[in-house]
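Understanding the architecture of this molecule
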Amino acid sequence: MITVTKVNKWFGKLHVLKDVSFNVAKGEVIVICGVSGSGKSTLIRCINGLEKIQGGTITVDSMNVHDPKTDINLVRKEVGMVFQSFNLFPHMTALENLTLGPREVRKMPKSQADQIGLELLARVGLADKAHSYPASLSGGQQQRVAIARALAMQPKVMLFDEPTSALDPEMIKEVLDVMIQLADDGMTMLVVTHEMGFARKVAHRIIFIDGGTIVEEAPPDAFFTEPTQERTKRFLEQILPV
Amino acid sequence: MEVVLRVTPHLIQGIYLTLYLSIAGMVLSLLVGFIGGMIRSARVPLLSALWGVHVAFVRGTPFLLLIFIIYYVLPAFGLRLGAQSSGVLGLVLHEGAYMTEIVKGGIDAVDRGQDEAAKALGLTYMQKMRHVILPQAIRLILPPLAGQFVLLVKATSVVSLIGITEVTRVGQQLTQRGEHTFVTFGMVALFYFLICYPLVRFSDQMERKFSKWLETA
Ligand SMILES: Nc1ncnc2c1ncn2[C@@H]1O[C@H](COP(=O)(O)OP(=O)(O)OP(=O)(O)O)[C@@H](O)[C@H]1O
Ligand SMILES: [Mg+2]
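What comes next concerns the included structure. (Residues numbered from 1 in each chain as written. Chains lettered and ligands numbered in written order. Predicted model: local features only at pLDDT ≥ 70, side-chain atom pairs only at ≥ 80, totals over all residues. Heavy atoms only, no water.)

Moving on, we get to the overall build of chain B. In terms of regular secondary structure, chain B is built from eight helices and zero strands. Each helix (α) and strand (β) of chain B, taken in turn from the N terminus, gives the series α-α-α-α-α-α-α-α. Principal-axis analysis of the C-alpha atoms gives chain B an extent of 70 × 50 × 25 Å. Taken over 217 residues, chain B has a buried fraction of 45%. Within chain B, residue pairs in contact and separated by at least 24 positions form 78% of the contacts whose partners lie at least 6 positions apart. As presented, chain B carries roughly 11400 Å² of accessible surface, and 67% of it is formed by carbon and sulfur atoms. Positive and negative charge centroids in chain B, built from 18 and 12 side chains respectively, lie 3 Å apart. (Helix = DSSP H or I, 4+ residues; strand = E, 2+ residues; numbered from the N terminus. Buried < 20%, exposed > 50% of the residue type's maximum accessible area, 1.4 Å probe, protein only. Contact = heavy atoms within 4.5 Å. Areas by Shrake-Rupley, 256 points an atom, 1.4 Å probe, with all protein chains shown as cover. Lys, Arg positive; Asp, Glu negative; His and termini not counted. Charge placed at Lys NZ, Arg CZ, Asp CG, Glu CD.)

Encoded structure:
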């Protein structure tokens, strides 16, 4: 579903991604972890073209994302994204946030978009918040609306960039539960997160990235119990409770 | 009272022209302001830089000079415009430049995450602007824009200097013919005030409302 091949990315002189390669099969859930500044956000932002790359190729559903001939909006139609800071549209209700994409991009009639939107809000447990504005929702509720907004486009892939990092601890679970359900439903997911419980439970593979390079890539069991790289061990010691 | 009755029909002629200049100027400079603001904010190569030069020119030179250039210099390059068209073009280039900066400021002030979320959904640039960015930017844009409209209405009096008999010019002609100066110019002033003051109030109110919104956000 996603192929990332020898991707290189610079911010000016700063080499942020170095020869990064990996593949994601349909239905796979990949967790990406690493310390702050290691390039996790940049990597997933390259996948839907929010960042440009200077070397290598990325394909999504056989579309070459960074080929100038590719209509980037065709890629983005198929790739949902959830941000750390939710980024809901504050001047729209929850339901309007969900239906904007389907109506404008997929040219769906309002009645159909509303129906799908309401079903999705119910699925993330917010059926009663359809007509609420983001400012009146808690952080956890906002992030669930943001997930539903991305799902409303019926994407083939979902990208998550630290979706729970901006949340109060008591709200993290409600968001993770939605993501776990999504994974169980077979969604292809690429998740940047420090929630190792989530990684252990639903990830098919964990990618550890450091200094813009993939250091370790392994299924959760192997990743947590027998990491092969020194740097991975150090990282795990830092983030896992002893 | 007699004076008032005598000068009113003449002033109305001038008012008619002033309103024409104001309304044409507003509509067109608004258009220029929004298109220019989007071009500047999106940093469209070349166009953005060229418009930037124009903005700098407008900011750094008197409005009257721009009017003179359009009316007296452009014909040397084969572009001959009538006095009224020159007046409107001058107003649009002048006010449009300021409105461009107002619109750009409003767009740039919208959180970057909004832009990214809209793009990530696959919205085109125009869809993103229309549904996500401008509705949020408009709160910032509206108060200074209303203020700019006031300046535009007042600036229409300057174009009398290329022979357009808008209301100020009419007032001047009337007094030169011996009409009572205080009454005549008093009526001219009242006209401008009635047009401009509501805009000033509107601008202030929007400003206050917006700053409250900022505080609570
Ligand atoms: N727009 C930008 N311009 C310049 N440098 C940038 C930009 N975005 C990110 N960087 C730099 O690139 C590097 C990687 O950033 P990135 O945001 O991908 O890291 P991250 O792994 O997501 O970190 P975090 O855990 O803090 O979110 C950092 O050194 C960062 O400062
Ligand atoms: Mg990040």
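Structure shown, so let's carry the discussion forward.
Let's shift gears to the interface of chain B and chain A. At the junction of the two partners, chain B supplies 19 residues and chain A supplies 21 residues. A combined buried area of about 1700 Å² lies between chain B and chain A, and 59% of that area is made up of carbon and sulfur atoms. Linking chain B to chain A there are one salt bridge. The partner of R45 of chain A in a salt bridge is E116 of chain B, with the nearest N and O atoms 2.8 Å apart. Secondary structure elements with two or more residues in the side of chain B that touches chain A: α5 (112–120) and α6 (125–155) of chain B. Per-element accounting of the side of chain B that touches chain A gives the leading share, eight residues, to α5 of chain B. Its residues assigned to classes, the side of chain B that touches chain A shows seven nonpolar, seven polar and five charged. (Buried area = accessible area lost by both parts, 1.4 Å probe. Salt bridge = Lys/Arg side-chain N within 4 Å of Asp/Glu carboxyl O. Nonpolar A, V, L, I, M, F, W, Y, C, P; charged D, E, K, R; others polar.)

All names here are of chain A. Reading across the sheet, the six strands line up as β6-β7-β8-β3-β9-β10 and stay open at both edges, with mixed pairing between neighbours. The open sheet terminates on both sides in strands that have one partner only, identified here as β6 (79–82) and β10 (213–218). Geometrically, the sheet is characterised by an average inter-axis angle of 15° between neighbouring strands, direction not taken into account. Each of β3 (29–33), β6, β7 (157–161), β8 (188–192) and β9 (205–210) touches helix α1 (residues 40–47); the most contacted strand, β7, lies at about 155° to it. (Pairing = 2+ DSSP bridges. Axes fitted to C-alpha atoms, helices over the stretch in contact; angles between N-to-C directions.)

We now examine unusual backbone geometry. Residues and elements named next belong to chain A. Of note in this structure, D61 is not a glycine but carries a positive phi near 50°. Classification of D61 as partly exposed rests on a relative accessible area of 28%. Non-glycine residue K107 carries a positive phi angle of around 55°. With respect to the secondary-structure elements, K107 resides in the loop between α3 (94–104) and α4 (110–123). Judged by relative accessible area, which is 60%, K107 ranks as exposed.

Attention now moves to the site of ligand 1. Residue and element names in this part refer to chain A. Taken together, F11, L14, V16, V35, S36, G37, S38, G39, K40, S41, T42 and E162 are the residues near ligand 1. T42 places a side-chain nitrogen or oxygen 2.5 Å from an oxygen atom of ligand 1. Those elements giving two or more residues to the shell around ligand 1 turn out to be β2 (14–24) and α1. Looking at which element gives the most residues to the shell around ligand 1, the answer is α1, with three residues. The residue inventory of the shell around ligand 1, partitioned by class, reads four nonpolar, six polar and two charged. (Near = heavy atom within 4 Å. Polar contact = N/O pair within 3.5 Å; in protein donor to acceptor, adjacent residues only side chain to side chain.)

So, about the pattern of salt bridges. All chains considered together, the criterion is met by 19 salt bridges over all chains. Each member of the salt-bridge network shares a partner with another, and the members are K9, R45 and E51 of chain A together with R112 and E116 of chain B.

Under the criterion given, the structure shown has six aromatic pairs over all chains. Considering the side-chain rings of F223 of chain A and F224 of chain A, the 5.5 Å spacing of their centres and the 90° angle between planes classify their relative orientation as edge-to-face. Exposure remark for F223 of chain A: the relative accessible area of 0% places this residue in the buried category. Centre to centre, the rings of Y71 of chain B and Y72 of chain B are 5.0 Å apart; their planes meet at 70°, and the pair counts as edge-to-face. (Phe/Tyr/Trp six-rings, centres within 6.5 Å; stacked < 30°, edge-to-face > 60°.)

Inspection of α5 of chain B places G113, Q114, E116, A117, A118 and A120 of chain B among the buried residues, and these make up the whole buried set. Among the structural elements, α1, α2 (72–78), β6 and α5 (139–151) of chain A together with α6 of chain B are those in contact with the buried residues of α5 of chain B. Its side-chain oxygen placed 2.9 Å from the backbone nitrogen of G113 of chain B, D111 of chain B serves as the N-cap of α5 of chain B. Downstream of α5 of chain B by a residue or two, G122 of chain B has a phi angle that is positive, lying close to 95°.

Purely spatial values, then, with no claim about function.
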